[in-house]
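Fold and geometry: a report
Take a look at the letters that make up each chain.
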Amino acid sequence: MSLLPVMKLRLGSPAYIVDINRIPGMEYIKQEAGRILIGARTRHHALESSKLIKDKAFLLSECAATIGDPQIRNMGTLGGSLSHCDPSGDWGAAVLALRGSVLIKGPSKERTMKIDDFLVDTFTSALGPTELLTQISIPIPPPGSGGAYVKLERRTGDFATAAVGAQVGIDRSGVCTYAGIGLTALGSKNLRAAKAEAALLGKPLTTRIIEEAAMAASEDAQPTSDPLRGSADYKREMAKVYTRRGLQLAVSRAKGGVR
C-alpha cells in the first residue's frame with residue numbers, strides 16, 4: 001500500500017521486490033495462553049471484523065476501521081504496516097497501547113521484541129536485512145478493561161493529523177490498574193505517552209485525572225509543523241484533546257458502557 005508511492009517519489013529504489021502473499025501460515029487470529037496471536041499478513045479488514053478481536057481487544061478493531069478505505073483494508077496487512085514504520089500509520093499506536101510484542105524470524109534464528117523497541121524511527125524498524133516480521137502478540141486485557149482509538153483526519157480515510165490509542169484497566173474501587181497510550185502522527189514514529197500513563201496509574205479516573213493525563217500526553221508528543229495538517233502547536237493541542245476523548249471512551253467501556 002505504501003511501496004508504490006515511495007518509489008514514485010524516488011524515496012526508495014529496491015533492486016528486488018519479493019511477494020510474500022503465498023507463504024503459508026502467516027494469516028491468522030487466535031487466542032493462546034492468555035494472548036491474542038496475529039499473523040503478520042493478516043488484513044486490516046480481518047482485524048476490524050474478527051469476533052475475537054472485538055470481544056477481547058476492541059481497540060484493535062476500532063483502529064482497523066479507521067485505516068484508509070475498503071480497498072486498502074482488504075489488501076493491507078498488520079505486519080506490513082508495522083514494518084513500514086510510518087509515523088502516521090495507525091497500528092503502532094494501537095499495539096503500543098496494548099503493550100504488544102512481535103516475533104521476528106531470520107535464516108537461522110527467531111527473536112521476540114517489544115513493540116516499543118521494534119519501532120525505531122521514521123520508516124525504520126528493528127528488522128535486519130534478512131529478517132521478516134511473522135507474528136504480533138497482544139496480552140488479553142483482564143475484566144474491567146476498555147480501549148478506544150480516536151483519530152483526527154482531514155477527510156475519511158486520510159492519514160491522521162493526530163490520533164490516540166488508549167487502553168485502561170480499572171479495579172472495583174475505580175482505581176486505574178493499567179494505562180496504555182499510543183500516539184500517531186505526533187513524532188518521528190508512533191510514540192508511547194509514558195508521562196500520561198504514569199499520571200493515571202494508581203488513581204481514580206476522575207475528570208481531573210484524565211485532564212492531567214491529557215496534558216501530559218501533549219508534553220509526550222513531539223509534533224512538527226507541515227503545510228497540510230497544521231503547526232506543531234496545533235498538533236500538540238490536538239494530542240491533548242484526543243487523549244482526553246480516547247481516555248473518556250476507554251473508561252466508559254471499562255465500566256461496561258456502550259461501544
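For the structure given in this document, a descriptive report is provided here. Note that this is a predicted model, so its numbers are computed, not measured. (Residues numbered from 1 in each chain as written. Predicted model: local features only at pLDDT ≥ 70, side-chain atom pairs only at ≥ 80, totals over all residues. Heavy atoms only, no water.)

**Observations concerning the pattern of salt bridges**
Close approach of charged atoms lets side chains of opposite charge pair. Summed over all chains, the structure comprises 18 salt bridges. Here Arg229 makes a salt bridge to Asp158, at a shortest N to O gap of 3.0 Å. Of this pair, Arg229 sits in the loop between helix H10 (207–220) and helix H11 (232–254) while Asp158 sits in the loop between strand S8 (145–153) and strand S9 (160–170); the two residues are 71 residues apart in sequence, bridging distant segments of the chain. Arg229 gets classed as buried once you look at its relative accessible area, which sits at 17%. Asp158 sits in the buried class, given a relative accessible area of 9%. Its salt-bridge partner being Lys240, residue Glu237 comes within 3.4 Å of it at the nearest N-O pair. Taken as a pair, Glu237 and Lys240 lie in helix H11 at a separation of three residues, close to a single helical turn. Salt bridges here are not isolated pairs; linked through shared partners, they connect Arg99, Asp116, Arg192 and Glu197. (Salt bridge = Lys/Arg side-chain N within 4 Å of Asp/Glu carboxyl O. Helix = DSSP H or I, 4+ residues; strand = E, 2+ residues; numbered from the N terminus. Buried < 20%, exposed > 50% of the residue type's maximum accessible area, 1.4 Å probe, protein only.)

**With respect to the environment of Ala217**
Counting through the fold element by element, Ala217 comes out in helix H10. Exposure remark for Ala217: the relative accessible area of 0% places this residue in the buried category. Each C-alpha atom, one on Ala217 and one on His44, is 27 Å from the other, the two residues being 173 residues apart in sequence. Those residues in contact with Ala217 that lie beyond four places of it in its chain are Leu183, Ala193, Ala196, Ala239 and Thr243. (Contact = heavy atoms within 4.5 Å.)

**Structural notes on H10**
Between the first and last C-alpha of H10 there are 20 Å, a value that for 14 residues agrees with the 20 Å anticipated at 1.5 Å per step. The set of residues buried in H10 consists of Ile209, Ile210, Ala213, Ala214, Ala216, Ala217, Ser218 and Asp220. On its buried face, H10 is in contact with strand S10 (176–184), strand S11 (191–192), helix H9 (194–200) and H11. (Expected span 1.5 Å × (residues − 1).)

**A closer look at unusual backbone geometry**
Not every positive phi belongs to a glycine, and Cys85 is a case in point at roughly 55 degrees. Residue placement: Cys85 occurs in the loop between helix H6 (78–84) and helix H7 (91–97). Non-glycine residue Ala185 carries a positive phi angle of around 65 degrees. Looking at the element boundaries, Ala185 is found in the loop between S10 and S11. Its relative accessible area of 15% is what places Ala185 among the buried residues.

**A closer look at the sheet that holds S9**
Spatial ordering of the open sheet is given by S8-S9-S10-S11, a layout of four strands whose pairing is antiparallel. Two strands bound the open sheet, and with one partner strand each, they are S8 and S11. Sheet topology note: the S9/S10 ladder contains eight bridges and is antiparallel. When the sheet's bridge partners are listed, Val168 is paired in S10 with Ala179. (Pairing = 2+ DSSP bridges.)

**Considering the pairing of strand S7 (residues 132–139)**
The buried fraction of S7 is high, at six of eight residues. Summarising the sheet, strand S2 (residues 35–39) and S7 pair through five bridges and their orientation is antiparallel. Paired with Ile38 across the bridge in S7 is Ile136. Pairing of strand S3 (residues 101–105) with S7, which is carried by five bridges, proceeds in the antiparallel orientation. For Val102, the partnering residue across the bridge sits in S7 and is Ile136.

**Quick look at the packing of H10 against H11**
It is at 8 Å that the axes of H10 and H11 come closest, and there the two elements cross at 140 degrees. It follows that H10 is oblique to H11 by the angle criterion. Between H10 and H11 the crossing geometry is right-handed. Contacts between H10 and H11 involve Ile210, Glu211, Ala213, Ala214, Met215, Ala217, Ser218 and Glu219 on the former and, on the latter, Arg236, Ala239, Lys240, Thr243, Arg244, Leu247, Gln248 and Val251. Tallied by class, the residues present in the contact of H10 with H11 amount to eight nonpolar, three polar and five charged. (Axes fitted to C-alpha atoms, helices over the stretch in contact; angles between N-to-C directions. Parallel < 35°, antiparallel > 145°, perpendicular 65-115°, else oblique. Left-handed = near helix turned anticlockwise from the far one by under 90°. Nonpolar A, V, L, I, M, F, W, Y, C, P; charged D, E, K, R; others polar.)

**Some points on the packing of aromatic side chains**
Taken as a whole and judged by the stated rule, the model has zero aromatic pairs. The ring of Tyr28 carries the charged tip of Lys30 above its face, separated from the ring centre by 4.8 Å. (Phe/Tyr/Trp six-rings, centres within 6.5 Å; stacked < 30°, edge-to-face > 60°. Lys NZ or Arg CZ within 6 Å of the ring centre and 35° of its normal.)

**Focus: the sheet that holds strand S1 (residues 29–32)**
The antiparallel open sheet is built from five strands, whose spatial order is S1-S2-S7-S3-S4. In this open sheet, the two strands that pair with only one neighbour each are S1 and strand S4 (110–114). Strand-to-strand twist in this sheet, taken as the mean axis angle between neighbours without regard to direction, amounts to 25 degrees.

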